[in-house]
Amino acid sequence: MVKYEPWGRYPKAEQRAISIVDRYAMLDNDSTWLPFGNGRSYGDSCLNSDGTLVHTQYLNKYLAFDSSTGILRCESGIKFCEIIDTVLPMGWFLPVTPGTKFVTVGGAIANDVHGKNHHVDGCFGHFVVQFELLRSDGTRLICSPTENEALFKATIGGLGLTGLIVWADIQLKPVKSAYLDVETVPYASLDEFRQLSEASKENFVYTVAWVDCLARGENLGRGIFLRANHAEHQGPPQRVKKKLTVPIDFPGRSLNKYTIKAFNHLYYWNGARNAGLSKQHYDPYFYPLDGINNWNRIYGGAGFLQYQFVVPSDNYDAIREIMACIASAGAGSFLAVLKEFGEIPSLGMLSFPRKGVCLALDFPNHGKQTFELLDHLDEYVMAAGGAIYPAKDARMSRQAFQQFFPALDNFRAHVDPAFCSDFWLRVA
Amino acid sequence: MSNVVIIGATSAVAQEVAKLHAAERDTLILIGRNATRLEDIQNDLMVRGAADVSILVYDLLEDDKHDELCEQIFEHMIKPDYVYMAHGVLPDQNTCGGNYVAAKAAFNANCLSHISLLIRISTRLKALQAGTLAVISSVAGDRGRKSNYIYGSAKAMLSAYLQGLRNELFAYGVHVLDVKPGFIDTPMTADIEKKGALWATPQKVAEDIITAARKKKNTLYTPWFWFLIMTIIKNIPESIFKRLNL
């Protein structure tokens, strides 16, 4: 038995784990399985405490790359950081990337991850051409939009429950440089955010805002709007910075509403000072937190809960109410991320992204009071017809999950009988 | 752009060494027993940027084929810059400790097959007056312990052989690196539950090997702290050591 914790460090589990040796290996049937990539899911969707985790770290080979079409065939344990290093010098980039490059291809498919370009490109699943799925009965199925279509749609966003993705073909995106042309626009209110999103969606591939969640009243929703496109030309060479590491757990309450408020003020002020156009390297632009090893330790040993939800865009009142609720509880943490999703429907039965406005923020785990607040926020999300992101969740109720994901019953039929997760036991 | 030969290319450390060379646009020859796995590695290295990758399928334990293998290597590659040797098996001490046939097989897999190949390859490199041989031995060779002294004595023999070979080849401009890794987290040790702080990733070990080969280091302990550990272990008086449970 080994101790595991997800990225949010809550909940913790003692459990069995093995590594799959190579892509020809089979799974025995003496346990339940859950594929484990790099452990970047925030909650219990990457734990299987009654069964066994199957690490995919040795499924780390490229199988082929066609540099004329940009289709990469790779095993599922390969990480995004590795793909960028390999394909960027040839003029290719990931079609969709989340805010960390330390996720695996398998994890990206299983959570149908999205990025700042959702309004233009949709989710990662839209760029999955096909994959091989290993089921517990030993069958290996090629799944694509035309072959085993239902299993394809169940596996995209399927949280690793439909079998183990062995390899996948991914359509990469051509780029001319490693840089982005970024425009930084400070804005003062939620209405301004809405206008900026609307005005930017045609001409910018990447849009996102950092929001000060503790700002109240007329400042509610204020933040820094960042919009960007891939640059035509390289920028100045990137200085190789020494990576910072958070060496130990911060003591329990070092992050409290006073320190966080001060930080958010500073961040807003700094963003306002740097307003305007700039050229940024992809690494700090897409992955600002990857520069700090183990940043999840700043919340202390009790961990944190990330709350990420989407509500339909015609319902800005819901997001206003939720943000007011967070601000008045004084519970929100650092920079929250606000983003308008576009209209492209997600492929996966359990995919999270859908048209609407999406907010993500961390809450230090202060026990009962934190859980009660989040349950309260769930009520707003449910009333607004929104949804919560399973990859970030460690506590939503069964009832909430079933409302957020109406294709659940359809999905159930595709779950591999020998695959399970703590998340799945909790919500389904 | 170097020319690189990797013997025992399917081992986890060898694969990582190969990846680092591929990223440098080098040309590689991979040698191993399992053709399917070698082909997977070949494709992987091509995507990673290798100039060219060829495969030679040989069971390295069959030393009667070593002449032929050596011919093949130098037919494909006129002048190798780096020759890595990474094959080996961690035998079970309980099995081979009381069984000479098993012990002999372990010696063959972890030392004699290496020497057989090194004799042939070093002759060629001597004639070329260039090249670096990097051979993976083990910290286990530094002192015999009851828990794995068949493996340990095989590696001790290998390391002593490498010392002598280095001495001989120095005059010819050929370098010999003796790599002594500690515990490595490989698929062979896929049972994750027993791992602790002393376990290193194959990536880390591979980076150390490549740096040491470039710098023409003689002996590499990887990760570095094994040098300290083994210095202590080597210096425990035998009168005490023989009573320990190591």
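Residues numbered from 1 in each chain as written. Chains lettered and ligands numbered in written order. Predicted model: local features only at pLDDT ≥ 70, side-chain atom pairs only at ≥ 80, totals over all residues. Heavy atoms only, no water.

Scanning chain B for helices and strands turns up nine helices and seven strands. Its C-alpha radius of gyration of 18 Å places chain B within 12% of the 18 Å reference for a compact globule of 246 residues. Considered along the principal axes of its C-alpha atoms, chain B spans approximately 55 × 40 × 35 Å. Across the 246 residues that make up chain B, the buried fraction comes to 52%. Restricting to contacts in chain B with at least 6 residues of sequence separation, those with at least 24 account for 71%. For chain B, the distance from the average site of its 27 positive side-chain charges to the average site of its 26 negative ones is 9 Å. (Helix = DSSP H or I, 4+ residues; strand = E, 2+ residues; numbered from the N terminus. Rg over C-alpha atoms; globule rule 2.2 N^0.38 Å. Buried < 20%, exposed > 50% of the residue type's maximum accessible area, 1.4 Å probe, protein only. Contact = heavy atoms within 4.5 Å. Lys, Arg positive; Asp, Glu negative; His and termini not counted. Charge placed at Lys NZ, Arg CZ, Asp CG, Glu CD.)

With that out of the way, let us pick up the sheet that holds strand E3 (residues 33-36) of chain A. All names here are of chain A. The mixed open sheet is built from four strands, whose spatial order is E1-E2-E4-E3. Of all the strands in the sheet, just strand E1 (2-4) and E3 have a single pairing partner and so form its edges. Along the sheet, successive strands turn relative to each other by an average axial angle of 50°, direction set aside. Bridging between E3 and strand E4 (residues 52-55) involves four bridges; their strand directions are parallel. Bridging from a neighbouring strand, Trp33 pairs with Thr52 of E4. (Pairing = 2+ DSSP bridges. Axes fitted to C-alpha atoms, helices over the stretch in contact; angles between N-to-C directions.)

Next up on the list: unusual backbone geometry. Here the residue pair Tyr10 of chain A and Pro11 of chain A is connected by a cis peptide bond, since its omega of -5° sits within 30 degrees of zero. Inspection of the secondary structure puts Pro11 of chain A in the loop between E1 and strand E2 (13-19). Residues Thr222 of chain B and Pro223 of chain B are joined by a peptide bond in cis, for which omega reads -10°. Of note, Pro223 of chain B is situated in the loop between strand E7 (219-222) and helix H8 (225-235).

The interface of chain B with chain A comprises 17 residues on the first partner and 26 residues on the second. Linking chain B with chain A are four salt bridges. One salt bridge connects Lys19 of chain B with Glu82 of chain A, and the closest N-O pair in it is separated by 4.0 Å. Counting only elements with at least two residues in the side of chain B that touches chain A, the list comes to helix H1 (12-23) and helix H2 (35-47) of chain B. Broken down by element, the side of chain B that touches chain A gets its largest block of residues, seven residues, from H2 of chain B. Taken together, the residues of the side of chain B that touches chain A sort by class into five nonpolar, four polar and eight charged. (Salt bridge = Lys/Arg side-chain N within 4 Å of Asp/Glu carboxyl O. Nonpolar A, V, L, I, M, F, W, Y, C, P; charged D, E, K, R; others polar.)

Enumeration according to the criterion identifies zero disulfides over all chains in this entry. Distance from the sulfur of Cys111 of chain B, which forms no disulfide, to the nearest cysteine sulfur (Cys96 of chain B) is 14 Å. (Disulfide = S-S within 2.5 Å.)

Next up on the list: the environment of Asn296 of chain A. Residues and elements named next belong to chain A. Secondary-structure assignment places Asn296 in the loop between strand E17 (292-293) and strand E18 (304-311). Along the chain, Asn296 and Leu161 lie 135 residues apart, while their C-alpha atoms are 26 Å from each other. Excluding its chain neighbours within four sequence positions, the residues that come into contact with Asn296 are Trp7, Arg9 and Phe304. A distance of 2.9 Å separates a polar side-chain atom of Asn296 from the backbone oxygen of Trp7. (Polar contact = N/O pair within 3.5 Å; in protein donor to acceptor, adjacent residues only side chain to side chain.)

The next thing to look at is the pattern of salt bridges. Tallied over the full model, the rule gives 38 salt bridges over all chains. In this structure, Arg23 of chain A and Asp40 of chain B form a salt bridge, with 2.7 Å as the shortest nitrogen-oxygen distance. In this pair, Arg23 of chain A is assigned in the loop between E2 and E3 and Asp40 of chain B in helix H2, connecting two distinct chains. Residue classification places Asp40 of chain B among the buried residues on the basis of a relative accessible area of 6%. When the shortest N-O distance is used, the salt bridge between Arg135 of chain A and Asp416 of chain A registers 3.7 Å. A residue pair is termed long-range when its members are at least 10 positions apart, and Arg135 of chain A in the loop between strand E8 (128-134) and strand E9 (140-143) and Asp416 of chain A in the loop between helix H11 (408-412) and helix H12 (422-427) qualify at 281 residues. Of the residues examined, Arg135 of chain A reaches a relative accessible area of 14% and is grouped as buried. Overlapping salt bridges bring together Asp44, Asp375, Asp378, Asp393, Arg395 and Arg426 of chain A as one network.

The subject of this paragraph is helix H5 (residues 100-128) of chain B. All names here are of chain B. For H5, built from 29 residues, the straight-helix expectation of 42 Å at 1.5 Å per residue is met to within 8% by its first-to-last C-alpha distance of 39 Å. Maximum bend of H5: about 50°, positioned at Asn108. Near the N-terminus of H5, the side chain that reaches the backbone nitrogen of Val101, with its oxygen 3.0 Å away, is that of Asn99. One or two positions beyond H5, positive phi appears at Gln129, with a value near 55°. (Expected span 1.5 Å × (residues − 1). Bend = angle between axes of the 7 residues up to and from the residue.)

A few words on the nonpolar core. One recurring pattern in soluble globular proteins is that nonpolar side chains are buried together. Ranked by size, the top nonpolar core spans 118 residues in total, and within it Phe131, Ile319 and Leu338 of chain A carry the most contacts. Broken down by element, this core gets its largest block of residues, seven residues, from helix H8 (residues 316-329) of chain A. Leaving out residues up to four positions away in the same chain, Ile319 of chain A has contacts with Leu190, Phe309, Val311, Leu338, Val357 and Leu359 of chain A. Judged by nonpolar contacts, the second largest core, of 31 residues, contains Ala18, Leu45, Val53 and Ala206 of chain B. (Core = buried A, V, L, I, M, F, W, Y, C linked by side-chain atoms within 4.5 Å.)

The final tally for this structure, using the stated rule, is 31 aromatic pairs over all chains. Aromatic side chains Phe352 of chain A and Tyr389 of chain A sit 4.6 Å apart centroid to centroid with 10° between the ring planes, which places their arrangement in the stacked category. Within this pair, whereas Phe352 of chain A is found in the loop between strand E19 (336-341) and strand E20 (356-364), its partner Tyr389 of chain A is found in the loop between strand E21 (387-388) and helix H10 (398-404), the two being separated by 37 residues in sequence. Classification of Phe352 of chain A by relative accessible area gives buried; the value is 1%. Judged by centre distance (5.2 Å) and plane angle (75°), the ring pair of Phe183 of chain B and Trp226 of chain B falls under edge-to-face. With Phe183 of chain B in the loop between strand E6 (175-181) and helix H7 (202-214) and Trp226 of chain B in helix H8, this residue pair connects regions lying 43 residues apart in the sequence. (Phe/Tyr/Trp six-rings, centres within 6.5 Å; stacked < 30°, edge-to-face > 60°.)

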